[in-house]
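Here is what each chain is made of, one letter per residue.
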Amino acid sequence: MENIEEFYKRTTLPLPKDLNNGIGHFNVFRRTGCITVPYSRKNYFKITLLKGPNRVHYADKTLESQKYALLFSDPLVPYSWDSMDGKKDGYFCIFTEEFFHNFGTIRNYPLFKIEGNKLFLLDESALKEVERIFEKMFEEKETEYDFKDDILRNLTIELIHLAMKMEPAKSVQNTPTDKKTKITSLFTELLNRQFPINLPHERLDLKAPRDYAKSLNVHTNHLNRTLKEVTEKTTRELIASRVLEEAKILLKHTSWNVNEIAYSLGYEDSAHFINFFKKRVNQTPYSYRTLQNV
């Protein structure tokens, strides 16, 4: 899950001085030249004005907008989107849940719920209103007004209400095979994005099948049936296979002890990790490391 600091590193945008001010974070950007990322989760909220033809993916849904749309992203639902004409234009703002502390519960709005609509279509009139709000955000960010954060919160809420009055984008009709392939692809990308593990204190965010199902907004049984049909392996088997691969890499290429490796791979008890490893490799982690380093 990408945090605010990682967002600024990824986009090479300057790190704000007030990032860790204890009252949450808000910022606004123009999309021209900004980097887009593949399917992932983030620990912050994001509202994006998309211009031109775009296709948005989240869970097993695919949504399209041909002209203008507002996309709402939140930490609960991983997503990706594709520009169908290769252009980047529009605006986006990012903010943390803490930014709205004592100002209402941002998650209460339907578009920030897991099952809520995420993409809203705009006509020319609505586009001008949305652009006005984003430009006002830019203006307020530059002022020295003591209560400018309240204005930024109000402008964000205004965007939310404006979108909820608009027409949500309809899902593109996919065949059952397309949906199964899409879910499998999203699961695989979500699984692989947890690796590599670079530091001993880093830890897997998603460990069990239910964690992946929740992130993909599908039922655990449905995810398992889909993966079994497409890959001939269960969700648990696919997770275990990737965890085992990472365990071998860490044993071979790092000096971390077995307890540290077990912790980073999501095990509270190193004994469970040792049993997991031995069952699949017919060696203990210690023996494997010794033989690999001979």
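Sequence order as written defines the numbering, with residues in each chain counted from 1. Per-residue local features of the predicted model are confined to residues with pLDDT of at least 70, and side-chain atom pairs are confined, for both listing and counting, to 80 or more; whole-chain, interface and lining totals are unaffected and use all residues. Excluding hydrogens and water, the side-chain values take into account all heavy atoms of the structure.

The next thing to look at is the pattern of salt bridges. Salt bridge, as used here, is a side-chain nitrogen of Lys or Arg placed within 4 Å of a carboxyl oxygen of Asp or Glu. Scanning all chains against the criterion turns up 15 salt bridges. A salt bridge links Asp150 to Arg153, with the shortest nitrogen-to-oxygen separation between them at 2.7 Å. Separated by three residues within a single helix, Asp150 and Arg153 lie in helix α3 (residues 148-164), roughly one turn from each other. When a residue's accessible area, from a 1.4 Å probe over protein chains only, is under 20% of the maximum for its type it is buried; when over 50% it is exposed; and in between it is partly exposed. Overall, Asp150 belongs to the partly exposed group, its relative accessible area being 30%. Taken together, the salt bridges that share partners define one network made up of Glu129, Arg132 and Glu158. Numbering of helices and strands runs from the N terminus; a helix is a DSSP stretch of H or I covering at least four residues, while a strand is a stretch of E covering at least two.

Once that is clear, we can look at the packing of aromatic side chains. Any pair of Phe, Tyr and Trp rings, taking the six-membered ring for Trp, is counted once the centres come within 6.5 Å. Such a pair is stacked with planes under 30 degrees apart, edge-to-face with planes over 60 apart, and tilted for the rest. All chains considered together, the criterion is met by 24 aromatic pairs. The rings of Phe26, Phe45, Phe72, Phe95, Phe99, Phe100, Phe103, Phe112 and Phe120 are connected pair by pair, giving a single aromatic cluster. Throughout this description, the term charge over a ring refers to an Arg CZ or Lys NZ atom that lies within 6 Å of the ring centre and within 35 degrees of the ring normal. Directly above the ring of Phe103 sits Arg153, whose terminal nitrogen or CZ lies 5.7 Å from the centroid. The ring centre of Phe195 lies 4.1 Å from the NZ or CZ of Arg242, which sits over that ring.

Further remarks concern the pairing of strand β5 (residues 68-73). Within β5, six of the six residues are buried, leaving the element largely enclosed by the surrounding structure. Here β5 shows a buried face lined by Tyr68, Leu70 and Phe72 and a second buried face lined by Ala69, Leu71 and Ser73. Paired strands are those between which DSSP finds at least two bridges. Pairing of strand β2 (residues 45-51) with β5, which is carried by six bridges, proceeds in the antiparallel orientation. Directly across from Leu49, in β5, lies its bridge partner Leu70. Two elements, β5 and strand β8 (residues 119-121), share three bridges in a ladder whose sense is antiparallel. What sits directly across from Leu71, in β8, is Leu119.

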